[in-house]
Amino acid sequence: MTETSSTPSTPSGNPSTADAYDAVAELYAELARDDLDGLPLDRALLAAFAEHVLGTAPGPVAELGCGPGQLTAHLRGLGLDAFGVDLSPAMIDLARAAYPDLRFELGSMDALDALGVADGALAGVVGWYSVIHTPPSEIPAYLAEFGRVLAPGGYLLLAFFEAEGGPVTEFDHKVTTAYRWPVGELARLAAAAGFTETGRMLREPRESERFRRGHLLMRKGE
Ligand SMILES: C[S@@+](CC[C@H](N)C(=O)[O-])C[C@H]1O[C@@H](n2cnc3c(N)ncnc32)[C@H](O)[C@@H]1O
């Protein structure tokens, strides 16, 4: 198991993303803790994801880019065998302290082999606003890694900022550089990586939010 005091041993993920989240981890955890309470559409989608996974082939589910762990805990509350992975040591420390019964690992979501996650080991993968910081040219490699660790028929759920008619666009996310995606473009890359779309959801921004939210639910080909 990787210790929180060390950086991932593989040269993946962006160290500056980890540093940026380390710097805001406590504030982020405070703001995120109850965020889902005010988001019934998001909760409905997460419940649908859990129902799909549990109704197909139950197994471990990784929340990749789990931050302080509240979404991992929500997935566990939906009956999933969920664990979290994040690049930021401070986030992993907070997640472990807040949810001591759950497993959280320090690592990069594009190098899950470094954490011992074998080919086809997972029933589900969730990337909830975590691939938003990945440079677009690297997204195919990330999708390939998600496909590697998922069992055939396993589910992938992505949440991200939607581009609202424009192309992939870099924007000044409060923590560090992030990208907004046309939902169709991300779906196309996922299809090229071997995923079949189950469904997609758009949610308009709340008063406190800037952009439309995109969500893709996909299944690894059998
Ligand atoms: C916006 S936060 C989302 C956290 C959590 N999923 C949530 O919904 O509250 C993005 C998280 O992704 C993590 N992250 C970014 N790139 C990563 C990578 N390559 N591997 C693992 N975690 C990563 C960041 O450290 C940060 O904690």
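Quick note: structure is the one above.
Owing to the predicted nature of the structure, the values given are computational and were not obtained by experimental measurement.

**Regarding unusual backbone geometry**
(1) Moving on: The phi torsion at Tyr129 lies on the positive side, around 55°, for a residue other than glycine.
(2) Moving on: You can see Tyr129 is positioned in the loop between strand 4 (122–128) and helix 5 (139–149).
(3) Moving on: Despite not being glycine, Glu164 has its phi angle at roughly 50°, a positive value.
(4) Moving on: Note on placement: Glu164 falls in the loop between strand 5 (150–161) and strand 6 (169–171).

**Quick word on the side chain of Thr72**
(1) Moving on: In this structure, Thr72 sits in helix 3 (residues 70–77).
(2) Moving on: Apart from the residues within four sequence positions on either side, Thr72 is in contact with Glu63, Cys66, Ala82, Phe83, Gly84, Leu102 and Phe104.

**So, the side chain of Glu162**
(1) Moving on: Of note, Glu162 is situated in the loop between strand 5 and strand 6.
(2) Moving on: Using a relative accessible area of 6% as the deciding quantity, one classes Glu162 as buried.
(3) Moving on: Within the structure, Glu162 has its side chain in polar contact with the backbone nitrogen of Glu164 (distance 2.8 Å).
(4) Moving on: Apart from the residues within four sequence positions on either side, Glu162 is in contact with Arg180, Trp181, Pro182, Val183, Leu202, Arg212, Arg213 and Gly214.

**Structural notes on the site of the ligand**
(1) Moving on: In the vicinity of the ligand, 20 residues are found, and the nearest of them are Tyr28, Glu63, Gly65, Gln70 and Asp86.
(2) Moving on: A distance of 2.9 Å separates a nitrogen atom of the ligand from a polar backbone atom of Met109.
(3) Moving on: Surface burial for the ligand is 97%, taken as the share of its 600 Å² of free accessible area covered by protein chains.
(4) Moving on: Here the element with the most residues in the shell around the ligand is helix 1 (residues 15–32); it accounts for three residues.
(5) Moving on: Looking at the shell around the ligand residue by residue, the class counts come to nine nonpolar, nine polar and two charged.

**Looking at the pairing of strand 4**
(1) Moving on: Counting buried residues along strand 4, seven of its seven residues qualify, which places the element largely inside the surrounding structure.
(2) Moving on: Here three bridges tie strand 1 (residues 60–64) to strand 4, and the two strands are oriented parallel to one another. The residue of strand 4 that forms the bridge with Val61 is Gly124.
(3) Moving on: For the crossover that starts at strand 4, traverses helix 5 and ends in the parallel strand 5, the hand is right-handed.

**Structural notes on the sheet that holds strand 9 (residues 213–220)**
(1) Moving on: Read from one edge of the open sheet, seven strands run 3-2-1-4-5-9-8, paired in mixed fashion. Edge strands, defined here as strands with exactly one partner in the open sheet, are strand 3 (104–106) and strand 8 (195–203). Ignoring which end each strand starts from, the neighbouring axes of this sheet average 15° apart.
(2) Moving on: Sheet strands in contact with helix 3 are strand 1, strand 2 (81–86), strand 3 and strand 4, and its direction is about 170° off that of strand 2.
(3) Moving on: Against the sheet, helix 4 (residues 89–98) contacts strand 2 and strand 3, and its axis sits at roughly 165° relative to strand 3.

**Some remarks on the nonpolar core**
(1) Moving on: Counting 55 residues, the largest nonpolar core has Phe49, Phe146 and Leu156 as its most contacted members.
(2) Moving on: Top element by residues in this core is strand 5. It accounts for eight residues.
(3) Moving on: Core analysis: the second largest hydrophobic core is formed by six residues, Cys66, Ile92, Ala95 and Leu106 among them.

About the thresholds
Residues numbered from 1 in each chain as written. Predicted model: local features only at pLDDT ≥ 70, side-chain atom pairs only at ≥ 80, totals over all residues. Heavy atoms only, no water. Helix = DSSP H or I, 4+ residues; strand = E, 2+ residues; numbered from the N terminus. Contact = heavy atoms within 4.5 Å. Buried < 20%, exposed > 50% of the residue type's maximum accessible area, 1.4 Å probe, protein only. Polar contact = N/O pair within 3.5 Å; in protein donor to acceptor, adjacent residues only side chain to side chain. Near = heavy atom within 4 Å. Areas by Shrake-Rupley, 256 points an atom, 1.4 Å probe, with all protein chains shown as cover. Nonpolar A, V, L, I, M, F, W, Y, C, P; charged D, E, K, R; others polar. Pairing = 2+ DSSP bridges. Right-handed = clockwise from strand over helix to strand, strands pointing away. Axes fitted to C-alpha atoms, helices over the stretch in contact; angles between N-to-C directions. Core = buried A, V, L, I, M, F, W, Y, C linked by side-chain atoms within 4.5 Å.

Honestly, that's just the spatial picture; any functional story needs more than this.
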